[in-house]
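# Secondary and tertiary structure notes
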Amino acid sequence: MNQEFDYIIAGAGASGLSLALYMLEEPALKNKQILILDKNAKNSNDRTWCFWQKEKSPFDQILHASWNELFFHSPVFSKVLEIQPYHYKMLRSRDFYRFCFRKIKESKNITFVQEEIQEINDDGTVICESQTFKGSFVFNSAFVAIPKTEGKYHLLQHFKGWFIKSEKPVFDPKRPVLMDFRIDQKGDCRFMYVLPKNEYQALVEYTIFSANLLQEEEYEFALEKHCLEELKLESYEIEETEYGVIPMTNEPIPKKQSGCVINIGTAGGHTKASTGYTFAFIQKKCRKIASNLAENKLPLEGLDSKFDKYLLYDSIFLRVLSEKNFPAWRVFSELFEKLPPKTVFDFLDENTDLLTDIRVMNSTHIPTFLKAALKEIF
Ligand SMILES: Cc1cc2nc3c(=O)[nH]c(=O)nc-3n(C[C@H](O)[C@H](O)[C@H](O)COP(=O)(O)OP(=O)(O)OC[C@H]3O[C@@H](n4cnc5c(N)ncnc54)[C@H](O)[C@@H]3O)c2cc1C
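About the cut-offs
Numbers given for residues are sequential positions, taken from 1 along each chain in its written order. Residues qualify for local features only when their pLDDT is at least 70, as the model is predicted, and side-chain atom pairs are given and counted only at 80 or more; totals for whole chains, interfaces and linings, by contrast, use all residues. As a rule here, side-chain values come from all non-hydrogen atoms in the structure, and water together with hydrogens is ignored. What counts as a ring pair is set by centres within 6.5 Å for rings of Phe, Tyr and Trp (its six-membered ring), and what kind of pair is set by the plane angle: stacked under 30 degrees, edge-to-face over 60, tilted for all other angles. Two limits define a charge over a ring: the Lys NZ or Arg CZ must be within 6 Å of the ring centre, and within 35 degrees of the ring normal. Near, as used in this document, describes a residue that has one of its heavy atoms within 4 Å of the molecule or strand being considered. Throughout this description, a polar contact denotes any pair of N or O atoms lying within 3.5 Å of each other; where both atoms belong to protein, one of them has to be capable of donating a hydrogen while the other can accept it, and for residues adjacent in sequence the pair is counted only when both atoms sit in side chains. The accessible surface values rely on the Shrake-Rupley method and a 1.4 Å probe; as for residues, cover is taken only from the protein chains in view. Note on conventions: DSSP H or I runs of at least 4 residues are helices, E runs of at least 2 residues are strands, and numbering of each starts at the N terminus. Ten residues, namely Ala, Val, Leu, Ile, Met, Phe, Trp, Tyr, Cys and Pro, are considered nonpolar, four, namely Asp, Glu, Lys and Arg, are considered charged, and the remaining ones, Gly among them, are considered polar. Where each domain starts and ends comes from a domain assignment, either automatic or drawn from a database. DSSP-based pairing: two strands are paired if at least 2 bridges between them are found. Working convention: axes come from line fits to C-alpha atoms, limited for helices to the stretch in contact. Angles between N-to-C directions cover 0 to 180 degrees. Two residues form a contact once any of their heavy atoms are found within 4.5 Å. Multiply 1.5 Å by the residue count of a helix minus one, and that product is the helix's expected span. Residue burial is assigned from relative accessible area. The probe radius is 1.4 Å, only protein chains are included, and a residue is buried under 20% of its type maximum, exposed over 50%, and partly exposed in between. Side-chain atoms within 4.5 Å link the members of a nonpolar core, which is a set of buried Ala, Val, Leu, Ile, Met, Phe, Trp, Tyr and Cys residues. Throughout, buried area stands for the accessible area (probe radius 1.4 Å) lost by two parts on being put together, summed over both. Just to be clear on terms, a salt bridge is a Lys or Arg side-chain nitrogen sitting within 4 Å of an Asp or Glu carboxyl oxygen.

## A short note on the packing of aromatic side chains
- For the structure on display, the rule yields 33 aromatic pairs.
- In this structure an aromatic cluster arises from ring pairing among Trp52, Phe72, Phe77, Tyr86, Phe181, Phe191, Phe209, Tyr277, Phe317, Phe332, Phe336 and Phe345.
- Directly above the ring of phenylalanine 163 sits arginine 92, whose terminal nitrogen or CZ lies 4.5 Å from the centroid.

Below, the structure written as structure tokens:
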């Protein structure tokens, strides 16, 4: 017999647990029976999230680090980005999981079951190896199915990061580097990212936007070179490593599988196609889903518009990246050179009016972007 719940959250990662927390914040949902399923216990540090954010978040108290300024470097230009009212935040997943599970344990209406899901049916039945559950709504982040349509872009943001501990105090915790393009681009979009937590410890990450992944030793070689030649690290230890691949695609990712099976997180298209940033979008969208449910609306009301101008902007950028007629580092360089950082972040946050969009477009290389825009539209 099926065990019945109001809501089933399939996957206890960034989006599943964020949604659960936003549900807990809604008094109208306090009697709803909620089940969270994940195949893992979620107690390891499997990733570190960084994101810019203006608003307060429930996770501010468990941030690993937070910065008010970021540095940008390209071969022709360097700038300190004063990002107020934004903060650039770093959150370790282990802290996030621990925090969420503490809140879930304290709640009376959420149950966590560690089980591998085999199938989610359109009617809200969730089939696991040893038991079956049924939800009025199922929120899926466990199964990511990105279509592969001809003519769409399927780039990847792939990166390898080292959490470094230096013997000497070499890092300046007030000088995090968002993007350093002064490295060999090898025909792609490649940059280094350096986030110092204190004078001794930093995350150093080699990031690439391209169609194909690299061999493991290529990431390692670039990281080692940057540590020795740019950061002048003499003696250091790699405390932890991180490797990730994030889809950068303009495929229309289905926001739902059926009327009652809603996709969230990467599975629900919460990843910004042009940057790979996902965590802050997950927060906005999951908060909205929870408030919709509290107001007896359909979960995706206000989140499922037919035309999204940012999808078009992202497609144009992905075209420019894919066609490689104009170096990607110059795109970012021009944006940060000509616009206040807040405007760039508002734009990447999908929070701008048409006038601001035009200002942003004006700061790019017009012939390249206009050509790409015309090809995208027609
Ligand atoms: C290493 C890494 C670093 C990243 N860093 C950033 C960053 O700095 N900033 C940013 O904005 N984005 C970042 N991202 C992108 C994105 O924010 C993360 O991938 C984020 O975790 C996506 O959340 P999610 O809920 O969609 O998926 P996940 O967090 O991956 O959660 C999915 C959950 O589903 C579970 N699951 C899968 N299959 C099953 C099954 N069959 N049965 C039961 N459970 C299952 C998994 O165990 C997992 O817990 C990063 C991604 C990676 C991989």
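## Concerning the site of the ligand
- Near the ligand, the surroundings consist of 30 residues, among which Ser15, Asp38, Lys42, Cys50 and Thr278 are the closest.
- For the ligand, an oxygen atom lies 3.0 Å from a polar atom in the backbone of alanine 14.
- A distance of 2.7 Å separates an oxygen atom of the ligand from a polar side-chain atom of lysine 42.
- Look at the ligand: alone it shows 980 Å² of surface, and the protein chains cover 88% of it.
- Among the secondary structure elements, those contributing two or more residues to the shell around the ligand are helix H1 (14–24), strand S3 (48–53), strand S16 (236–249) and helix H4 (279–294).
- Ranked by residues supplied to the shell around the ligand, first place goes to S16 with four residues.
- Taken together, the residues of the shell around the ligand sort by class into 13 nonpolar, ten polar and seven charged.
- When residues of the shell around the ligand are assigned to domains, at least three map to each of domain 1 (3–146 + 253–294) and domain 2 (154–249).

## Some thoughts on the sheet that holds S3
- Spatially, S3-S7-S4 is the arrangement adopted by the three strands of the open sheet, whose pairing is antiparallel. Each edge of the sheet is formed by a strand with only one pairing partner; in this case those strands are S3 and strand S4 (65–67). Neighbouring strand axes in the sheet, compared pairwise and without regard to direction, differ in orientation by 15° on average.
- In this sheet, strand S7 (residues 87–92) lies alongside S3 in antiparallel orientation, the contact comprising six bridges. Counted as the bridge partner of tryptophan 49 is leucine 91 from S7.
- Packing against the sheet, helix H2 (residues 93–106) makes contact with S3 and S7, and its axis sits at approximately 75° to S7.
- Running over the sheet, H4 touches S3 and S7 and is turned about 70° from S3.

## Notes on H2
- If you check H2, its first and last C-alpha atoms are 20 Å apart, about what 14 residues at 1.5 Å a residue would give, namely 20 Å.
- Listing the buried residues of H2 in full gives Ser93, Phe96, Tyr97, Phe99, Cys100, Phe101 and Ile104.
- In this structure, the buried side of H2 is in contact with H1, strand S2 (34–38), S3, S7, strand S8 (110–114) and H4.

## Overview of the nonpolar core
- Membership of the largest hydrophobic core comes to 53 residues, with the highest contact counts inside it found for Leu17, Leu19, Met23, Leu37, Phe59, Phe96 and Phe139.
- Every residue in contact with leucine 37, bar those within four places of it in the chain, is listed here: Ile8, Ile9, Ala10, Gly11, Ala12, Phe112, Val113, Glu115, Ile117, Val126, Cys128 and Phe133.
- If you look at the next biggest cluster of nonpolar residues, it comprises 49 residues, including Tyr86, Tyr88, Phe317 and Ala373.

## Quick look at the domain arrangement of the protein chain
- Per the domain assignment, the segments of the protein chain are domain 1 (3–146 + 253–294), domain 2 (154–249) and domain 3 (309–377).
- Listed by partner, the interface residues are eleven residues for domain 2 and nine residues for domain 3.
- Summed over both partners, the interface of domain 2 with domain 3 comes to about 790 Å²; 84% of that surface belongs to carbon and sulfur atoms.
- At the junction of domain 2 with domain 3, the criterion picks out one salt bridge.
- A salt bridge links aspartate 188 to lysine 324; the shortest N-O distance between them is 3.1 Å.
- Among the secondary structure elements, those contributing two or more residues to the side of domain 2 that touches domain 3 are strand S13 (177–180) and S16.
- Tallied by class, residues from the side of domain 2 that touches domain 3 come to seven nonpolar, three polar and one charged.

## Some thoughts on unusual backbone geometry
- Residue proline 85 follows glutamine 84 across a cis peptide bond; omega there is 5°.
- Tracing the sequence through the fold places proline 85 in the loop between strand S6 (77–82) and S7.
- Even without a glycine there, the phi angle at lysine 324 is positive, about 60°.
- Tracing the backbone through its elements, the reader meets lysine 324 in the loop between helix H5 (309–323) and helix H6 (328–338).

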